[in-house]
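# Structure assessment
In case you want the letters, here they are:
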Amino acid sequence: MSLLSVYFIRVSVPEPAQTRFDLEQGPERCSRRFLFNASVVSSGLESGVVNHPSRHSTYGTIYSDSRCFRLCLHTLATIDPMTVRTRFAPSPTGYLHIGGVRTALFNWLLAKQAGGQFLLRIDDTDAQRNVAEALQPILNGFQWLGIDWDEGPTLDGLSSKGPYGPYFQSQRLELYQAAADKLLETGHAYRDFARPEELAAQREEAEKAGKTFIYDRRWMASTPEQAAEFEAEGRNGVVRLKMPRDGVCAFNDLVRGPVEFEWAAEQDHVIQRADGTCLYHLASVVDDYEMKITHVVRAVEHLSNTPRQIFIAQSLGYALPIYAHLPFVAEPGGSAKLSKRKLAAYLKNKDFAGLFELGQNIAKRTGLSTSLETFNPVIVDFYQTVGFLPDAILNYLLLLGWSLDDSREAFTREEMIQLFSLDRVNKAPASFDIAKLVSFQSRWMNSTELDTKVALCMPYLKAAKIVGEQPSEEEVAHVGKVVAAAGDRIKVAGDVLDYDDFFASDETLVFNPADVDKRLKADPTAVGYVKKYREVLSSIESFDVATLEQSLNQFMEAEGIKFKQIIHALRVALTGKSVGFGMFDAMAILGKQSCLARIDRAMQL
RNA sequence: GGCCCCUUCGUCUAGUGGUCUAGGACAUCGCCCUUUCACGGCGGCAACAUGGGUUCGAACCCCAUAGGGGUCACCA
């Protein structure tokens, strides 16, 4: 079995025209930013094609000059940037994990940047359930986030679009079968008749001895006769990879640099089950090839799967894709992988619990029944329901493991696409920080146009039955005023529900008892001023902010009092609460009639 | 346990041998603004995991140790 030759080159002067390289034969560690994957074409080290996938990307030939190599830039690329094809391959699990979105985002960015294609492929080789249904939240999530796929399932999850379809693995079984057959034919795989419990026993034994388990191929059937013999014993056959037992598997990872694994430590993985169905690794390699994927960018959990996939690919005669393994997204405040199964523990995190509670409240008000399983900050649906902005989420996720420089944090989609590069992706896991996510959301929300904000908030008001399904023009205008006055207090669209007191009828407005006690009952003087000021209000014709402000100023001057001597009582009287918008904004929104009616009601309390 | 990986403020990160008494952001604390809340402004606290080397000089290169994590399926 011939190994891919990988050499690593260190560049000393990153100048375009006359760059010098020191050639080293991997796996020496050096800064990955100066690492290039060189597939050396000739047998010696005289020349080769250099694939330099960084920002100052170029491709070229290296020529030997004893220990030094010169890169001559070619305008022609080995990999035409336009052919960059990346993919995200979710299983139809019924939800879209926030960590998965980060992986998908990086893939999407890479493809968009190069003008290539991003595809979605559904890894449902093991699917027991209704795939279209379990796919829906995933497809919805990507659609909502604006991560569009050039090829993959249709929006309804029922069929495929794109030239290399179908994009459901469950519909490509013949392809995998053919690949398995070929592997068998060429001797890269074998039929095996071991029983699971027999292997488990051996595995346990190896672990006890502190050694890597290596299957001794005891039940490998080399001939049809032998296979028949095993079958006569009542054994079921699977197909296993016949992995090399010496040498190393070396490849260059765009994030992790040179990587090496001992072949001998690799298992003879099963690629086809006893029932004839094929497994993920085979399917994945076949599909990546058939779908012409150029860059396999996935989470680091898959790093240790790469040797077996390389083995499959090379055995099948495929050219290898470029690999990049992203660090995983870690749990809030921890370093373990973020997992949907550990929600109870995350709920002990203050920020996580806070956001979760906010979501619960909004869901309750909008009449949405939720369960922890399907509605929590690990799942993308949650953010959509609560009213986050896709741009904010993408912006935050972009910075989880990637940075541009020492200061810049805000990126629009266009900027992300333009500036993203794999060579600035970190190796260490990054923990998911809810507070920072929320901070990005606030920033993005604050820079959103009023009309857009109103449109974002409207569905919440409708769902909570605060405005009608078909709001009248006045209603829409009223919402506009409230949202404008709320300003940056609305951080997520669902926050608009906090201002329902501007929609309540004057008769049903609920007064917060604690605020009433503190600002009205405990302060009769203030109440007296409010009563007096009510008379001033009743004579005002035009209820706009400027007039109102002027009237109160005159009133205070006449009474010889300060703002704070009346404002708190007035606020509680008008809105039922002691916190809220600017006072004059609030009065202008309510209008004269409501203001008077509410003061009258408050005075009865 | 085997194999592999990771390690800079609480968190995300900048950092590629001298520009580092280590920069930015979030969080936090204080002050200012103020009409409550929110925003905003200013400032403070706060990190190179440890130990050895190499070097005139190490956050950066090498080696150990420690800690953390990933992965070891007829799952994906």
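Residues numbered from 1 in each chain as written. Chains lettered and ligands numbered in written order. Predicted model: local features only at pLDDT ≥ 70, side-chain atom pairs only at ≥ 80, totals over all residues. Heavy atoms only, no water.

## Details of the overall build of chain A
A count of helices and strands for chain A gives 20 helices and 20 strands. Every one of the 605 residues in chain A was classed for burial, and the buried ones make up 50%. Of the contacts made within chain A by residues no fewer than 6 positions apart, 68% connect residues no fewer than 24 positions apart. Surface summary for chain A: the accessible area is close to 27,900 Å², and the carbon and sulfur share equals 51%. (Helix = DSSP H or I, 4+ residues; strand = E, 2+ residues; numbered from the N terminus. Buried < 20%, exposed > 50% of the residue type's maximum accessible area, 1.4 Å probe, protein only. Contact = heavy atoms within 4.5 Å. Areas by Shrake-Rupley, 256 points an atom, 1.4 Å probe, with all protein chains shown as cover.)

## Concerning the side chain of Ser551
Inspection of the secondary structure puts Ser551 in helix H18 (residues 545-559). Given the relative accessible area of 7%, Ser551 is considered buried. Beyond its immediate chain neighbours, meaning those up to four positions away, Ser551 contacts Tyr533, Val536 and Ile540.

## Considering the packing of aromatic side chains
Throughout the structure, instances matching the rule amount to 19 aromatic pairs. Pairing Tyr346 with Phe352 gives two aromatic rings, centres 5.5 Å apart and planes at 65 degrees, and the pair type is edge-to-face. Taken individually, Tyr346 and Phe352 each receive the classification buried, so the pair is uniform in this respect. When the centroid spacing of 5.5 Å and the interplanar angle of 80 degrees are considered together, the rings of Phe382 and Tyr383 count as edge-to-face. Classification of Tyr383 by relative accessible area gives buried; the value is 0%. Grouping aromatic residues by their ring pairs yields a cluster made of Phe106, Trp402, Phe411 and Phe420. One residue, Arg102, lies across the ring of Phe106, its end atom 5.4 Å from the ring centre. Geometry around Phe440 places Arg443 over its ring, the cationic atom sitting 4.6 Å from the centre. (Phe/Tyr/Trp six-rings, centres within 6.5 Å; stacked < 30°, edge-to-face > 60°. Lys NZ or Arg CZ within 6 Å of the ring centre and 35° of its normal.)

## Focus: the pattern of salt bridges
Scanning the entire structure with this criterion turns up 30 salt bridges. Two residues, Arg87 and Asp288, come together in a salt bridge whose shortest N-O distance is 2.8 Å. Of this pair, Arg87 sits in strand E7 (residues 85-88) while Asp288 sits in helix H6 (residues 280-290), and the two are 201 residues apart along the sequence. Look at Arg87 and you get buried, because its relative accessible area is 5%. Several salt bridges share partner residues, and in doing so they unite Arg87, Arg121, Asp123, Arg172, Asp287 and Asp288 into one network. (Salt bridge = Lys/Arg side-chain N within 4 Å of Asp/Glu carboxyl O.)

## Describing the pairing of strand E11 (residues 189-192)
Note that E11 and strand E13 (residues 238-241) share four bridges and pair antiparallel. Directly across from Asp192, in E13, lies its bridge partner Val238. (Pairing = 2+ DSSP bridges.)

## So, the packing of helix H14 (residues 450-463) against helix H15 (residues 473-486)
With their axes 10 Å apart at the nearest point, H14 and H15 run at an angle of 110 degrees to one another. The orientation of H14 with respect to H15, classified from their angle, is roughly perpendicular. The crossing of H14 and H15 is right-handed. Contacts between H14 and H15 pair Leu450, Lys453, Val454, Cys457, Met458 and Leu461 from the former with Val476, Val479, Gly480, Val483 and Ala484 from the latter. (Axes fitted to C-alpha atoms, helices over the stretch in contact; angles between N-to-C directions. Parallel < 35°, antiparallel > 145°, perpendicular 65-115°, else oblique. Left-handed = near helix turned anticlockwise from the far one by under 90°.)

## A few points about the sheet that holds strand E16 (residues 270-272)
Taken in spatial order, the four strands line up as E12-E11-E13-E16 in an open sheet, and their pairing is antiparallel. In this open sheet, the two strands that pair with only one neighbour each are strand E12 (220-221) and E16.

## A few points about the nonpolar core
With 126 residues, the main nonpolar core has Tyr383, Leu422, Phe432 and Met587 as its most contacted residues. In terms of residue count, helix H20 (residues 583-604) provides more of this core than any other element does, eleven residues in total. Setting aside anything within four residues of it in sequence, one finds Met587 in contact with Tyr533, Leu537, Phe543, Leu548, Leu570, Leu574 and Cys595. By size, the runner-up hydrophobic cluster in this structure holds 34 residues, among which are Tyr167, Cys278, Ala283 and Val286. (Core = buried A, V, L, I, M, F, W, Y, C linked by side-chain atoms within 4.5 Å.)

## Let's talk about H15
Its 14 residues give H15 an end-to-end C-alpha distance of 20 Å, which sits within 8% of 20 Å, the value for a rise of 1.5 Å per residue. Listed in full, the buried residues belonging to H15 are His478, Val479, Gly480, Val482, Val483, Ala485 and Ala486. Its buried side turned inward, H15 meets H14 and H20. Gly487 occupies a position one or two residues after H15 and carries a positive phi of about 55 degrees. (Expected span 1.5 Å × (residues − 1).)

## Overview of the pairing of E7
Where burial is concerned, the two faces of E7 agree: the one with Arg85 and Arg87 and the one with Thr86 and Phe88 are both buried. Where the polypeptide runs from E7 across helix H1 (residues 98-114) and back to strand E8 (residues 117-120), its parallel neighbour, the crossover connection is right-handed. (Right-handed = clockwise from strand over helix to strand, strands pointing away.)

## Let's talk about the side chain of His325
Here His325 is to be found in strand E18 (residues 322-326). Residue classification places His325 among the buried residues on the basis of a relative accessible area of 0%. Engagement of the side chain of His325 in a polar contact is seen with the side chain of Arg298, the distance being 3.1 Å. (Polar contact = N/O pair within 3.5 Å; in protein donor to acceptor, adjacent residues only side chain to side chain.)

## Focus on the confidence of the model for chain A
A residue-level look at chain A finds 86% of positions with pLDDT of 70 or above and a mean pLDDT of 85. The model gives residues 1-79 a pLDDT under 50, and that stretch makes 176 contacts with residues more than four places away or in other chains. Taken together, the chains of this predicted complex give a pTM of 0.87 and an interface ipTM of 0.95. (pLDDT = per-residue confidence, 0-100.)

## Some words on unusual backbone geometry
Omega for the peptide link from Gly165 to Pro166 comes to -5 degrees, which places this bond in the cis form. Topologically, Pro166 is positioned in the loop between strand E10 (160-161) and helix H3 (173-185). Positive phi is not limited to glycine here, since Arg217 has a value of about 60 degrees. Examined against the element boundaries, Arg217 turns out to sit in the loop between helix H4 (196-208) and E12.

## A look at the environment of Lys465
Looking at the element boundaries, Lys465 is found in the loop between H14 and H15. Accessibility expressed as a relative area gives 73% for Lys465, which makes it exposed. It is 8.0 Å that separates the C-alpha atoms of Lys465 and Thr366, two residues lying 99 residues apart in sequence.

## Notes on the environment of Leu590
Mapped onto the elements of the fold, Leu590 is located in helix H20. Residue Leu590 is classed as buried on the basis of its relative accessible area, which comes to 11%. Expressed as a C-alpha distance, the spacing of Leu590 and Leu437, which sit 153 residues apart in the sequence, is 34 Å. With residues up to four places along the chain from it excluded, the contact list for Leu590 reads Phe502, Leu574, Cys595 and Arg598.

## Quick notes on helix H7 (residues 306-315)
The periodicity of an α-helix, 3.6 residues per turn, causes residues three or four positions apart to be oriented the same way. H7 sits mainly inside the fold: nine of its ten residues count as buried. Burial in H7 covers these residues: Thr306, Pro307, Arg308, Gln309, Ile310, Phe311, Ile312, Ala313 and Ser315. Just downstream of H7, Gly317 is the residue with a positive phi angle, here 80 degrees.

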